[in-house]
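Residue-level listing of the chains:
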Amino acid sequence: MDEPSMPTPPAHSPGPPAPPIPLAELLASKDLGLRRIAGPADADLLWVHTSEMADPYPYLLGGELLLSAGVLLTDPDHYVARLVEAGAAALGFGVRPVHETVPEALIEACDRYGLPLLEVPPETPFTTIARAVWRLMAEARHRELRRVTRAQQALATAAARPDPVPAVLHQLAAQLSGRAVLLTGRGEEVHAAGRRPPPEAAAALARLARVVARERPGSPASATDTHGGTHLAAYALGGGEGLALALATRRREAGDHTVAGIAVVLLSLLAAPHQGADAADRSAALVRLLLGATPAEVAPLLGSAGPWTVIHARRNDGTTADALTAGALGASLGSALVDAGREGGDTVRVLLPSTAGKATPQPGGGEAAARREATPQPGGEEPPTPPQAPTVPPQPGWTLGVSTPTPLAALDSADLRAARALAHAEATRAALTVDTPVTGLAALIPPGQAAAHARTLLAPLTPPLADTLRCWLSLHGSWDRTAVALAVHRNTVRQRIGRCAVLLGVDLNDMDVRTELWFALRQE
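So, a few notes on the structure that sits alongside this text. (Residues numbered from 1 in each chain as written. Predicted model: local features only at pLDDT ≥ 70, side-chain atom pairs only at ≥ 80, totals over all residues. Heavy atoms only, no water.)

This next bit is on the overall build of the protein chain. Looking only at helices and strands, one finds 17 helices and 19 strands in the protein chain. Contacts spanning at least 24 positions in sequence make up 64% of the contacts within the protein chain whose residues lie at least 6 apart. (Helix = DSSP H or I, 4+ residues; strand = E, 2+ residues; numbered from the N terminus. Contact = heavy atoms within 4.5 Å.)

With that settled, the discussion passes to the environment of Leu 65. On the secondary structure map, Leu 65 appears in strand β5 (residues 64-68). You can call Leu 65 buried: its relative accessible area is 1%. Spatially, the C-alpha atoms of Leu 65 and Pro 116 are 9.4 Å apart, while their sequence positions differ by 51 residues. Leu 65 has contacts with Leu 26, Leu 45, Trp 47, Val 48, His 49, Ala 90, Leu 91, Gly 92, Leu 118, Ile 129 and Val 133, leaving out every residue within four places of it along the chain. (Buried < 20%, exposed > 50% of the residue type's maximum accessible area, 1.4 Å probe, protein only.)

This next bit is on the sheet that holds strand β8 (residues 178-183). What the five strands build is an open sheet, ordered β9-β8-β12-β11-β10; its pairing is antiparallel. Only two strands of the sheet have a single partner each, and these edge strands are β9 (189-193) and β10 (222-227). Neighbour-to-neighbour, the strand axes of this sheet turn through a mean angle of 15°, independent of strand direction. By the bridge criterion, four bridges tie β8 to β9 in an arrangement that is antiparallel. (Pairing = 2+ DSSP bridges. Axes fitted to C-alpha atoms, helices over the stretch in contact; angles between N-to-C directions.)

Attention now moves to the packing of helix α14 (residues 463-474) against helix α15 (residues 479-486). Direction vectors running N to C along α14 and α15 enclose 130°, while the axes themselves pass 9 Å from each other. Overall, the two elements α14 and α15 adopt an arrangement that is oblique. Considering how the two elements wind past one another, α14 and α15 form a crossing that is right-handed. Of the residues in α15, those touching α14 at Thr 468, Cys 471 and Trp 472 are Trp 479, Thr 482, Ala 485 and Leu 486. Residues that form the contact of α14 with α15 fall into these classes: five nonpolar, two polar and no charged. (Parallel < 35°, antiparallel > 145°, perpendicular 65-115°, else oblique. Left-handed = near helix turned anticlockwise from the far one by under 90°. Nonpolar A, V, L, I, M, F, W, Y, C, P; charged D, E, K, R; others polar.)

What follows concerns the sheet that holds strand β2 (residues 35-38). An order of β2-β7-β6-β5-β4 is seen for the five strands of this open sheet, with the pairing classed as mixed. Lying at the two open borders of the sheet, with one neighbouring strand each, are β2 and β4 (47-50). Along the sheet, successive strands turn relative to each other by an average axial angle of 30°, direction set aside. Of the strand pairs in this sheet, strand β6 (residues 90-94) and strand β7 (residues 117-120) are connected by four bridges, and their pairing is parallel. If you follow Gly 92 over to β7, its bridge partner there is Leu 118. Contacting β2, β6 and β7, helix α3 (residues 104-113) runs over the sheet at an angle of about 80° to β2.

Together, Asp 507, Asp 510, Asp 512 and Glu 516 give the surface a local cluster of negative charge. Mapping Glu 516 onto the fold places it in helix α17 (residues 511-521). Note on Glu 516: relative accessible area 39%, which makes it partly exposed. (Patch = residues over 30% accessible without salt bridge, like charges linked within 9 Å, V, L, I, M, F, W, Y side chains within 5 Å. Areas by Shrake-Rupley, 256 points an atom, 1.4 Å probe, with all protein chains shown as cover. Salt bridge = Lys/Arg side-chain N within 4 Å of Asp/Glu carboxyl O. Lys, Arg positive; Asp, Glu negative; His and termini not counted. Charge placed at Lys NZ, Arg CZ, Asp CG, Glu CD.)

The nonpolar side chains of soluble globular proteins are, as a tendency, buried together. Ranked by internal contacts, the top residues of the largest apolar core, which has 32 residues, are Leu 155, Val 168, Leu 169, Leu 172, Leu 245 and Leu 247. Sorting the residues of this core by element identifies α4 (126-159), α5 (164-176), β8, β11 (230-236), β12 (244-249), α7 (256-271) and α10 (323-333) as the ones contributing at least two each. The element best represented in this core is α7, accounting for nine residues. Those residues in contact with Leu 247, other than ones at most four positions away along the chain, are Leu 172, Leu 176, Arg 179, Ala 180, Leu 205, His 231, Leu 232, Ala 233, Tyr 235 and Ala 260. Core analysis: the next-biggest nonpolar cluster, separate from the first, contains 22 residues, Ile 21, Leu 23, Leu 65 and Ala 130 among them. (Core = buried A, V, L, I, M, F, W, Y, C linked by side-chain atoms within 4.5 Å.)

Overall, the coordinates contain 21 salt bridges when judged by the stated rule. Two residues, Arg 179 and Glu 189, come together in a salt bridge whose shortest N-O distance is 3.8 Å. One end of the pair, Arg 179, is in strand β8; the other, Glu 189, is in strand β9, with 10 residues separating them in the sequence. A salt bridge links Asp 317 to Arg 315, with the nearest nitrogen and oxygen atoms 3.0 Å apart. Judged by its relative accessible area of 8%, Arg 315 is buried. By sharing partners, the salt bridges in this structure join Arg 161, Asp 163, Arg 315 and Asp 317 into a single network.

Now for the layout of surface pockets. Here the second largest pocket defines a volume of roughly 760 Å³. Arg 252, Glu 253, Ala 254, Gly 255 and Asp 256 are, among the 27 residues lining the second largest pocket, the residues nearest its centre. Partitioning the lining of the second largest pocket into residue classes produces 13 nonpolar, six polar and eight charged. (1 Å grid on protein atoms, 1.4 Å probe; cavity = no way out; pocket = protein on both sides within 12 Å on 5 of 7 lines; lining within 4 Å. Points joined across faces, edges and corners; volume = space filled by probe spheres on them.)

Attention now moves to the pairing of strand β13 (residues 308-315). For β13, the tally of buried residues reaches seven of eight residues, placing the bulk of the element in the interior. Relative to strand β15 (residues 347-353), β13 runs antiparallel, the two being bridged by seven bridges. Looking at the pairing, Ile 311 lines up with Val 350 of β15. Relative to strand β18 (residues 398-402), β13 runs antiparallel, the two being bridged by five bridges. By the bridge assignment, His 312 is partnered in β18 with Gly 401.

The structure is reproduced here in structure tokens:
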């Protein structure tokens, strides 16, 4: 089987008004007194229809429980054959006043053609049976709606987790009691959850995913198949990435298709959070960079000319985020500029552009800032509104280190500061740490003079020693927290800090010394 066949249903067949009712549920209604006397025990009822025609075939849609007293029954074999050809689910035969018992020839024909035959006692009107079927259908519809509602809530909750794509797949597999797989158009597995089907069924599922892959022109949005008792289904995801959701279950229940549809919508949004014009602009920026343009020239294509905020993020559970999970984090932060797993690491980097908005108060705010804002401009024009630094909220399941808004030319420095902020956040067990800018008295010193003083003061220190001293001072001299932030043993921290004191010739217990060193280290 290279590709599953997908027969087209008759154009005149509308969908059932409610989930199908198992024949066993109707037979379980003792007050009806129904008794199966021929044919298989398993059947699904979609409708109830009463007819005394010799050949009701033209008036059947399929799936009916046909009720008849056999008024015009002359050829049971032909009659049953036509019912089976029309797709009837079962036949209910009422005894009396036409027939005292169910004709033996009718019983034999139903056994021969595999059509369930029910004996309807004289005291049970056909309308009572129809009413019972509609009641069972209403109860089934109510159960289905409750199940779909619970599944929708569970899937939405999973989509809000730090690892939304695997979480949605795990929840979907639990809801359907089967296997849920995210596959590429070539059948490669991206994420999976649930019990694995047999190898043959898994191979058939991969083939089914290729049927709906967007990489093929004219591909259907969904497809179903059955392999060795395993029900297979595949759904194309939106976004043009050629991804497909594939499902393998041992049984199909009412509402499964609706639940899968909810998951398809969520996964489409999560797997491709940014498309269209934004993607075209990012592609253009990359091409121009490769062809020799400067970052300043392509920055407007990425959403802003600056300043930019660099965010470093790491999963709280210590696992490495894949591209889809990292993309979902970027979407939650409002940026499609995401770098997941650089050089095999577990840190995700997000570049967040500034947004036009109200000006951020400058240092020395309060009344002075209010006076500056109230100062009229020449010509009575309003002052231009500078870009506003984005507010970065904590993200559940992630630890974030955030740089201050930085000009495009200094993004490498912002990247370093975001990394330090992340280390500080992990050491202090904070969900988010923002690298604070130099303010107050330190901001009054000209940057050039401050940087020259810092280079002279810190010249004896190697980069690892300077990083250790900076981290140790930022954590108020805590050996344990510094060890956590730097991922080294606390004794290593003690040795490095002792070495710094010797090389600098200072007493690091002196607050004045610590203050001056902190000022110098902040200039880097």
